[in-house]
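Okay, here's what each chain looks like letter by letter:
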Amino acid sequence: AQSVTQLGSHVSVSEGALVLLRCNYSSSVPPYLFWYVQYPNQGLQLLLKYTSAATLVKGINGFEAEFKKSETSFHLTKPSAHMSDAAEYFCAVKSLNNAGNMLTFGGGTRLMVKP
Amino acid sequence: NAGVTQTPKFQVLKTGQSMTLQCAQDMNHEYMSWYRQDPGMGLRLIHYSVGAGITDQGEVPNGYNVSRSTTEDFPLRLLSAAPSQTSVYFCASSLGTGEREQYFGPGTRLTVT
């Protein structure tokens, strides 16, 4: 079974600082990879996804993520944090042969942005 | 399009009661899923459907039933609520598999006392 590990359940940065949220997955075959964001009391919204077209993926709101096969990682970054980025972020994977279209999620990282 | 809608937004049940969480989508998506969200555990798949009349179990199906009589609707039934089912429940839908994005509803917060 696949698993996803997000290192750090809480990350705090200052406004304007670099955001780095870590995600590692376990899969012998590179899967589809996703980052979702959840704002308070809302559902999940897709930030970006990796589909093997390019290893560096750009998403919405200035976020990007780099797929590194050798490290089985898909870390999320943003050069300069904004107060509005405060939310919970989830990394998720989906295997290539997945009849049920199932996503396996990491435990989530809550990002706090200090003024 | 309303996207994925869920009702109710909040619900409190007593142990042993039953209820149905409603989920509907107006995007003509084949695939629909139910997840539960618990602190520190991300979202875990309860049940999913690949089309009307076809459902299957996910990672944590015990205590829940689903059916899919139409493309639009995918209700989740709690047969006999237990405190362990206190959680936030999300319904999701997608047009297909693979890299296709899943669209999530706003969630239902359920408390079982």
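Scroll up a little and you will see the structure.
Thresholds, definitions, all that
- Residues numbered from 1 in each chain as written.
- Chains lettered and ligands numbered in written order.
- Predicted model: local features only at pLDDT ≥ 70, side-chain atom pairs only at ≥ 80, totals over all residues.
- Heavy atoms only, no water.
- Salt bridge = Lys/Arg side-chain N within 4 Å of Asp/Glu carboxyl O.
- Helix = DSSP H or I, 4+ residues; strand = E, 2+ residues; numbered from the N terminus.
- Buried < 20%, exposed > 50% of the residue type's maximum accessible area, 1.4 Å probe, protein only.

**Overview of the pattern of salt bridges**
Phase 1: In the structure shown here, the tally under the stated rule is 5 salt bridges over all chains.
Phase 2: Where Arg-110 of chain A meets Glu-88 of chain A, a salt bridge forms, and the shortest distance between an N and an O atom there is 3.0 Å. Of this pair, Arg-110 of chain A sits in strand S12 (residues 109-114) while Glu-88 of chain A is found in strand S10 (residues 87-94), placing the two residues 22 residues apart along the sequence.
Phase 3: Residue class for Arg-110 of chain A comes out partly exposed when judged on its relative accessible area of 35%.
Phase 4: Residue Glu-88 of chain A is classed as buried on the basis of its relative accessible area of 12%.
Phase 5: A salt bridge links Arg-36 of chain B to Asp-38 of chain B; the nearest nitrogen and oxygen atoms lie 2.9 Å apart.
Phase 6: Overall, Asp-38 of chain B belongs to the buried group, its relative accessible area being 10%.
Phase 7: Through salt bridges with shared partners, a single ionic network connects Arg-36, Asp-38 and Arg-44 of chain B.

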